[in-house]
Amino acid sequence: MVQGRLAWRVGRLAEVRDETPTARTLVLDVPGWPGHLAGQHVDLRLTAEDGYRTTRTYSLAAPAAGDRVAITVQRVPGGEVSPYLTEVFAVGDPVELRGPVGGWFVWRPTSPDPVLLIAGGAGIVPLMAMIRARRAAGSRAPVKLLYSVRTPADVYYAGELRRPEPGLDVTVVYTRKAPADWPGEPHRIGIADVNTAGWPAEFAPQCFVCGPTGFVETIADVLVALGHDPRRVKTERFGPSGS
Amino acid sequence: MGIVTPGFRGRARTADEKLPPGQYLVEDFPVLSAGPTPRVRTENWRFTVTTETGRTHEWSWADLLALPSETPTVDIHCVTRWSKLGTSWRGMSLDTLLADVDTAADYVLAECHGGYTTNLPLEDLLDGQAWIAYEFEGEELAPEHGGPARLLVPHLYFWKSAKWIEGLRLTLDEDLGFWEAAGYHTYGDPWREQRYQGD
């Protein structure tokens, strides 16, 4: 057996919260969980009765609370795993998991640097873990979040992100349909949004960008064009997997 | 461990098409190398695993042979589009070799005699997915196929199955290997045709 975080553990679903009509937060009780950093992942391994087994990786959505860890799963229509996790997997059910995984796309609350978080859709999950880790640690690092979603109904953690929080600025950009009181037309995030809602490059923020591949490529190019040091821009790309 | 996840069925599974997209079958065993074939003598053979903290674990040829071996039969897929089905090997599972290695690394750089390197995620070497192989079809592994021992990671394009393996360097960040730095895909999944950067 490989020691530590590479070992498979059995967790049980302790709590569910629906974030949107298609996304659900799963809180798992994982005895002996070693803790993790904001931005890290877990691997979930599912095994069918006939022995068929498959593994998926999910970003952790919050700092660990004792042995409890949270992920948020977006249902992918026709997917193999996400419809199961969001519709069938029930409180009390077991699942194997391994982690935490990932040591690059992480934010440490000891860092006082300004932080720019840019999320596309479900890419908010690891960035929300950073916001929550900041709050839990009482960090005063100034954070700006720029969050691209299709419509108001697609905003994860909406209530929590609406609550004022000192040192945290949240900007939501809608690509399909905006709330009535939102200034401007729905659009994809561009250089003007990043320039307005982000930090000037000379502030040397740590930048974390997470979303679908095309989104991340675009935003990373914008940040570099605006003068950000590419070494300060950390990215995470995702897409439906397991075809 | 291996618990059943209640109510999970997985996707409907039908007869597997065994050939990834863009591949053709071969019966022979083509050889592709970046340079001359090294001749590595087993008495000089060493295999090391170096963690991100610099801790080194080392095996001699005798140490390797003293470990329990496995005999995987697997399909292999070369980025140059040949595939070979049902190849039989003998080797040691990386699960066995890494069992006592404590690491927080996410990546591995496989290092070989002759200076060849290739990068892989550490998780792709675990859970019965990879071996240090020293026999092919019941014979000792020929030098041109990486003998005396090579990495065997059949679920990735075969350039990841580094010949003349010398060691694994575990790292927190991903270093690109020889072909990867030259424009080949960082990961190299044959089923997704990840041949080159950007695929």
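Quick note: structure is the one above.
Residues numbered from 1 in each chain as written. Chains lettered and ligands numbered in written order. Predicted model: local features only at pLDDT ≥ 70, side-chain atom pairs only at ≥ 80, totals over all residues. Heavy atoms only, no water.

Visitor: Mind showing me how you'd approach the nonpolar core here?
Guide: Soluble, globular proteins show a tendency: their nonpolar side chains are buried together. Among the nonpolar cores identified, the biggest contains 50 residues, and Leu117, Ile118, Ile124, Tyr147 and Leu223 of chain A are the most heavily contacted of them. The set of elements that each furnish at least two residues to this core consists of strand E2 (23–29), strand E7 (115–120), helix H2 (124–137), strand E8 (143–149), strand E9 (168–174), helix H4 (191–197), strand E10 (206–212) and helix H5 (213–225) of chain A. Of the residues forming this core, the biggest block, eight residues, is contributed by H2 of chain A. For isoleucine 124 of chain A, the residues in contact, after removing those within four places along its chain, are Ala119, Leu145, Tyr147, Tyr156 and Tyr157 of chain A. Counting residues in hydrophobic clusters, the runner-up holds 36 residues, among them Val79, Ala110, Tyr134 and Leu151 of chain B. (Core = buried A, V, L, I, M, F, W, Y, C linked by side-chain atoms within 4.5 Å. Buried < 20%, exposed > 50% of the residue type's maximum accessible area, 1.4 Å probe, protein only. Helix = DSSP H or I, 4+ residues; strand = E, 2+ residues; numbered from the N terminus. Contact = heavy atoms within 4.5 Å.)

Visitor: Explanation requested: the sheet that holds E8 of chain A in the structure shown.
Guide: Strands belonging to one sheet form pairs held by backbone hydrogen bonds; the direction of such a pair is parallel or antiparallel. Residue and element names in this part refer to chain A. The strand order E9-E8-E7-E10-E11 describes an open sheet built from five strands, whose pairing is parallel. On the outer flanks of this sheet lie E9 and strand E11 (233–238), each paired with one strand and no other. Averaged over all pairs of adjacent strands, the angle between strand axes in this sheet comes to 10°, irrespective of strand direction. Here six bridges tie E7 to E8, and the two strands are oriented parallel to one another. Looking at the pairing, alanine 119 lines up with tyrosine 147 of E8. Where H2 meets the sheet, its contacts fall on E7, E8, E9, E10 and E11, and the angle it forms with E7 comes to roughly 145°. (Pairing = 2+ DSSP bridges. Axes fitted to C-alpha atoms, helices over the stretch in contact; angles between N-to-C directions.)

Visitor: Sorry, what's going on with the environment of glycine 39 of chain A here?
Guide: Residue and element names in this part refer to chain A. Position of glycine 39 relative to the elements: it lies in the loop between E2 and strand E3 (41–47). Taking relative accessible area as the criterion, glycine 39 reaches 2% and is therefore assigned buried. On a C-alpha basis, the gap between glycine 39 and phenylalanine 208 in space is 9.3 Å, while along the polypeptide they are 169 residues apart. In contact with glycine 39, other than residues within four places in its own chain, are Phe105, Val106, Pro126, Ala129, Met130 and Glu236.

Visitor: Please explain the pairing of E2 of chain A as it appears in this structure.
Guide: Across a regular strand the side chains alternate sides, sitting on one face of the sheet and then on the other. All names here are of chain A. Across the seven residues of E2, six count as buried, placing the element largely inside the fold. Pairing of strand E1 (residues 9–20) with E2 involves seven bridges; the strand directions are antiparallel. Counted as the bridge partner of aspartate 18 is arginine 24 from E2. Adjacent in sequence and paired antiparallel, E1 and E2 are bridged by two residues.

Coordinates in, geometry out; function isn't part of it.
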